[in-house]
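Chain residues, written in single-letter form:
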Amino acid sequence: MNILNKPFDTPFNTAPFSKIKTEDFLPAFKQAINKAKAEIDAITNNSERPTFENTVAALDFSGEELERISGLFFNLNSAETNEVIQNIAQEVSPLLAEFSNDITLNEALFKRVKDVYEQKDALNLTIEQSTLLDKKYKKFSRNGANLPEDKKQRLREIDKKLSQLKLKFGENVLAETNKFEMLITDENDLSGLPEGAKEAAKHMAESKNKEGWLITLDYPSYIPFMTYADNRELRKTLAIAYGAKGFHNDILDNQEHVLQIAKLRFERAQLLGYKNHAHFVLEERMAKTPEKVEEFLNELLQKAKPAAEREFNELQNFAKDLDGTDHLEKWDGAYYSEKLKQKLFDLDDEKLKPYFKLEHVINGMFTVAEKLYGLHFNEIHNIDKYHEDVLTYKVTDDKGDFVSIFYADFFPRAGKRNGAWMTSYKNQCIKNGVNERPHISIVCNFTKPTKTKPSLLTFNEVTTLFHEFGHALHGMLANTTYPGLSGTSVYWDFVELPSQVLENWCYEKEALELFATHYKTGEVIPMELVNKIKASANFHEGMKTLRQLSFGLLDMSWHGKDPRTITDVKAHELDAFKTTRLYPDVPENCMSTSFSHIFQGGYASGYYSYKWAEVLDADAFEYFKEEGIFSKQVATKFKENVLSKGGTQDPMELYKRFRGKEPQVEALLKRAGLIEK
Ligand SMILES: [Zn+2]
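So, a few notes on the structure that sits alongside this text. (Residues numbered from 1 in each chain as written. Predicted model: local features only at pLDDT ≥ 70, side-chain atom pairs only at ≥ 80, totals over all residues. Heavy atoms only, no water.)

**Comments concerning the side chain of Gln649**
This is how the line gets drawn: Elements are defined by DSSP. Helices are runs of H or I of four residues or more, strands are runs of E of two residues or more, and each kind is numbered from the N terminus. Polar contact criterion, stated in full: a pair of N or O atoms within 3.5 Å, where within protein one must be able to donate a hydrogen and the other to accept it, and residues adjacent in sequence count only if both atoms are side-chain atoms. Residues count as neighbours in contact if any of their non-hydrogen atoms are within 4.5 Å of one another.
The residue Gln649 is located in the loop between helix H25 (632–643) and helix H26 (651–659) in this model. Here the side chain of Gln649 touches Arg657 through a polar contact of 2.8 Å, side chain to side chain. Those residues within four positions of Gln649 in sequence are excluded, and the remaining contacts are Ile127, Thr131, Leu654 and Arg657.

**A look at empty space enclosed by the protein**
Quick reminder of the rule: Throughout, the protein atoms alone are placed on a 1 Å grid, and a set of points is a cavity if a 1.4 Å probe fits but cannot get out or a pocket if it is open with protein on both sides within 12 Å along at least five of seven lines; lining residues have an atom within 4 Å of a point. Grid points are joined across faces, edges and corners, and a volume is the space filled by probe spheres set on the points.
Considering all chains together, one arrives at two cavities of 30 Å³ or more under this definition. In this model, the largest cavity occupies a volume close to 40 Å³. Looking at the largest cavity, the residues that line it are Leu372, Tyr373, Gly470, Leu473, Pro498, Val501, Leu502, Trp505, Phe624, Phe638 and Leu643. At the level of elements, helix H16 (358–373), helix H17 (459–476), helix H18 (497–503) and H25 are the ones that each hand at least two residues to the lining of the largest cavity. In terms of residue count, H18 provides more of the lining of the largest cavity than any other element does, three residues in total.

**Side note on the coordination of the zinc ion**
What counts here: Counted as donors are the N, O and S atoms within 2.8 Å of the metal, or 3.2 Å for Na, K and Ca, while water is not among the atoms, so some sites may look incomplete. Donor angles set the geometry label: tetrahedral for four donors if every angle is between 85 and 135 degrees, square planar for four and octahedral for six if opposite donors exceed 155 degrees and the others are between 65 and 115, irregular for anything else.
Every protein donor of the zinc ion is accounted for by His467 (NE2), His471 (NE2), Glu496 (OE) and Glu496 (OE), and the metal-donor separations fall at 2.1 to 2.8 Å. Geometry at the zinc ion is irregular, judged from its four donor atoms and the angles of 51 to 139° they form at the metal. Spacing between the donor residues of the zinc ion along their common chain follows H-x3-H-x24-E. Residue His471 is found in helix H17, and its partner Glu496 is found in the loop between H17 and H18; the two are separated by 25 residues along the sequence.

**A look at the packing of helix H3 (residues 64–79) against helix H4 (residues 83–104)**
Heads up, the condition is: For every element, the axis is a line fit to its C-alpha atoms; helices are fit only across the contacting stretch, and the angle between N-to-C directions ranges from 0 to 180 degrees. Crossing handedness is defined as follows: a turn of the near helix away from the far one that is anticlockwise and smaller than a right angle gives a left-handed crossing, while the clockwise case is right-handed. Any residue outside Ala, Val, Leu, Ile, Met, Phe, Trp, Tyr, Cys, Pro, Asp, Glu, Lys and Arg is labelled polar, Gly included; the first ten of those are nonpolar and the last four are charged.
In the contact formed by H3 and H4, the axes pass within 11 Å of each other and the chain directions differ by 145°. Of the two elements, H3 crosses H4, and the hand of that crossing is left-handed. Of H4, the residues touching H3 (which contributes Leu66, Ser70, Phe73, Phe74, Leu76 and Asn77) are Ile85, Gln86, Ile88, Ala89, Val92, Ser93, Leu96 and Phe99. Of the residues contributing to the contact of H3 with H4, the split by class is ten nonpolar, four polar and no charged.

**Digging into the pattern of salt bridges**
How we decide: The salt bridge criterion pairs a side-chain nitrogen of Lys or Arg with a carboxyl oxygen of Asp or Glu, the two atoms within 4 Å.
Per the counting criterion, the structure on display carries 47 salt bridges. Residue Arg413 is joined to Glu80 by a salt bridge in which the shortest nitrogen-to-oxygen separation is 2.6 Å. In this pair, Arg413 is assigned in the loop between strand E5 (402–409) and strand E6 (421–426) and Glu80 in the loop between H3 and H4, connecting sequence segments 333 residues apart. Overlapping salt bridges bring together Asp619, Glu622, Glu626, Arg659 and Lys670 as one network.

**Brief notes about the packing of aromatic side chains**
Selection rule: Only Phe, Tyr and Trp rings take part, Trp by its six-membered ring, and two of them pair if their centres are within 6.5 Å. Stacked means planes under 30 degrees apart, edge-to-face means over 60, and tilted covers everything else. Relative accessibility decides the category of a residue: with a 1.4 Å probe and only protein chains considered, values under 20% of the type maximum give buried, values over 50% give exposed, and everything between is partly exposed. Criterion for a charge above a ring: Arg CZ or Lys NZ at most 6 Å from the ring centre, at most 35 degrees from the ring normal.
Taken as a whole and assessed by the stated rule, the structure comprises 50 aromatic pairs. Between Phe595 and Tyr607, the aromatic rings sit 5.5 Å apart at their centres with planes inclined by 65°, giving edge-to-face as the arrangement. Taken together, the residues Phe595 in the loop between helix H22 (569–576) and helix H23 (596–599) and Tyr607 in the loop between H23 and helix H24 (609–627) connect sequence positions twelve residues apart. For the pair shown, Phe595 and Tyr607 are each scored as buried. Sitting over the face of the ring of Tyr335, Arg235 holds its NZ or CZ atom 4.0 Å from the ring centroid.

In structure tokens, the structure reads:
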């Protein structure tokens, strides 16, 4: 029998990586899908009346084997892939999509879930059970299960049309990005650029058989040029090209796509009984309604705007003194900001790195988890790993009870994608009375040590590590019954609270003393340096906040209202930006026509959540600061009401139980230096 289709006969039931062969995956997937289908059939064919247990709970526990194999496979595809794995992914993804569609469109199954849903009040369910029932029911209803046949038909048409439009939107943005090139033949025009950026531009030109230096709209080319190039005219050319993507009234134009997407989303929401698309999306978010989101964005706007205007005027004066530049334009912002930042803070990564040796930071992070949550991390060598660089730990609590397996994979290699993430190989749940503990993993891309030099992290990498470890704690401390509500299975605008809040410890003396010691001298990082890190992190925070708010407000202007009367994309945008604009408008530019986050990706009605999550983490951390950053009492409340609870209850309720009140924006504004402490 395929090793993947059997229970793993290993310590802690960990994945037997060394025994799994890549060619095992495809047949294992197929077998697991069949098994999951049979489990669903058993639910729908049950002759007993639908109950919470025989329908909703059974549905949540179904497909466990498929879940396990998928987790394993897609984690490997991210962290240790090769062509064979990628080909299997191509083959298996449509099978999985089809299986999941079959469930959502399964009318017999929906009928049973609905039956339970309608008896809900009489069932005496726990809060967790009631949340699970809502979640399962809405999975169907939000997909049209309650609609009469003709409206169902229309919903499918809209979904099909939307996916085509989103695809086309993205293709146009990409084509516009690739179409533009700025060839520079006079080296003087590169004045100000760092050597690395110049070399990259030279290589880019060579790769296209051109003489000189080629600048493109890709981030690694565009950003350094806008930040460092002294030639203002060329910055202007580049900035205008960047901002005009999808806005040329030609074959790659996206204005009509933007209008159609907004209108179809509105129609879809109305079909399903919601006032607009934002109401539909926010029903399953902590913020709940567009009104709440707009109130939130506008409160932040009102409070951050004075700081933003002050910063803008300072920058204007700085540019005037430096170059005689009278009126700052969009293409001047990054350039003068960088110059001013250099002048104010003489801070670079190389000065900080000796204080952040990877092993020290890992131990420091474990100590923080021990002080807060009583967790102990012991490295173990008796379980399999998928690569020799992976570290493996057994996590126990203060009583010595087993909490979790923890994998940590820190260094880049071919076959691992960029970035940093947390994931799991096994989720926590309580099955047949047994609390199944999770297997959690974090994956990063830090500089690998050499024979002569240890791995030294930049400060940004230190906060990244704490961030992912915060997600990992959310997974490790999970303590719920149903797998579908466990750990990080929470609303989208709540999931970054555990991760972002932990980053705060990286700025605190008491925490830094635990790990930020010079790798040669053992000296603790001087507070003067830490204060500089904080101040530079807050540099131009007012303007940055205004920019984020402008995107959030634009998003809500498209999705939080009836879009049917909008005919002119640019005019609509000018109106949406009127409270957040600092720089003069550029008539050739349009944001919406290349705003892939909301018109192609999944951020529609969700852009606000970046700031929302910051408000949550600042407000939560303020509580720790009030009682001491290692306060057992606050940590216990955080563990009991947030980290262990997953998505078992409305996050606002969980948060209030931890904090005693709803989150307030003040803590963020104070931390960011936008209002007085
Ligand atoms: Zn995160």
